[in-house]
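Residues per chain are reported as follows:
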Amino acid sequence: MTRKPSDASSMPHASTVRRDSSIPALAIAVAAAIIVLMGIALFSPRRDRLFVPPPPERMPPSPVPPPAPPASAPAQAAPPPMPVPPPAIETPLTLMPATPPAPPPAPAAPALSGEAALIEAVRVGQLSLASGGDLSRWTLRWSETNGRGVPQAFLDYTRMMDMYVIRKDFTIPDGLHGAHAVIFILDRHVPYPRGNPGHSAILDITTGTCRGTSCHGLTER
C-alpha cells in the first residue's frame, strides 16, 4: 500500500508532539520524588541521620573583666576657695645707701634734781654721806690756812644740814635752795664739781676754803 503524500507530511508532526509531552511528566516525577524525600526527612524518626550538623562555630574568647578599682577613701569636702590677694602695687626702685643711716638717738631721760639727784649720786658712788671725821679734816685745814679756828656759829649751822663727801667727778643738781640746801665736802684729788650750788656750801679739804652763800658765817667771830 502506497502512502499518500498527505500522510507522509503528517507523521513528523505527530512525533514532535509525543516528544514534547514527556518533559512535563519527567518534571512532575522529579518534583514528586523531592516531596517524598522532604516528607521522610521531616517526619521520619531517623531524620537525624539524613542531616549532618554543621560544625560549631568557634566563638571568640570572652573578654576578661578588668580588676575592680580599690575602694577609695570617702570623698572629702572641697576646701573653701582661698581669697584672692589684692594686686601688688609696684613701687619704683630706689638706690639704697652703702651703709644704713644711724638710728636717731634715744631721747635723754629728764635730769634729776634736788634730793632725788643726790640719792642717785650716792647710789652710783659719786657721793657718800659725810661723818664728823670728814668735817674735822676740813676744819683742821681751814685753821691752818687762816691761822684761827672755825667760828662756832658756822659749826652749829652745818650740823643742822645734810652733809655729803664728793668722791668722784660730780655735777651739782638744781633745786638745792632754802631748806633743800646741803653741805658738800670735796675730798682730796677730786675735781671741783660743776653746776650751781644754790644755797649750799662746798668745803675743800685740799685748800681749806669754803664756797657758797652759806660761807658768810665764817666771817663772824
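Since the structure is predicted, the reported quantities are computational estimates derived from the model, not experimental observations.

Asks: Help me understand the sheet that holds strand 4 (residues 201-204) in this model?
Replies: Hydrogen bonds between backbone atoms are what pair the strands of a sheet, whose relative direction is either parallel or antiparallel. Across the sheet, which stays open at both edges, the five strands sit in the order 1-2-3-4-5 with mixed pairing between neighbours. The open sheet has two free edges, formed respectively by strand 1 (127-129) and strand 5 (210-211), since each of these has just one partner strand. The pairing of strand 1 with strand 2 (residues 163-166) spans three bridges and is classified as antiparallel. Paired with Ser128 across the two strands is Val165, which belongs to strand 2. Against the sheet, helix 4 (residues 132-146) contacts strand 1, strand 2, strand 3 (183-186), strand 4 and strand 5, and its axis sits at roughly 70° relative to strand 4.

Asks: Explanation requested: the state of the cysteines in the structure shown.
Replies: Put plainly, a disulfide is one covalent bond tying together the sulfur atoms of two cysteines. Under the definition given, this model contains one disulfide. Disulfide pairing places Cys210 opposite Cys215 at an S-S distance of 1.8 Å. On the sign convention where negative is left-handed, the bridge of Cys210 and Cys215, at about -75° about the S-S bond, is left-handed. On the basis of relative accessibility, which here comes to 11%, the residue Cys215 falls in the buried class.

Asks: I would appreciate a short explanation of the confidence of the model for the protein chain in the present structure.
Replies: Any segment with low pLDDT has predicted coordinates that should not be analysed in fine detail. Summary statistics for the protein chain give a mean pLDDT of 77 and a share of 65% for residues scoring 70 or more. Mean pLDDT across the secondary structure elements of the protein chain bottoms out at helix 2 (residues 47-50), with 55, and peaks at strand 2, with 95.

Cut-offs used in this document
Residues numbered from 1 in each chain as written. Predicted model: local features only at pLDDT ≥ 70, side-chain atom pairs only at ≥ 80, totals over all residues. Heavy atoms only, no water. Pairing = 2+ DSSP bridges. Helix = DSSP H or I, 4+ residues; strand = E, 2+ residues; numbered from the N terminus. Contact = heavy atoms within 4.5 Å. Axes fitted to C-alpha atoms, helices over the stretch in contact; angles between N-to-C directions. Disulfide = S-S within 2.5 Å. Buried < 20%, exposed > 50% of the residue type's maximum accessible area, 1.4 Å probe, protein only. pLDDT = per-residue confidence, 0-100.

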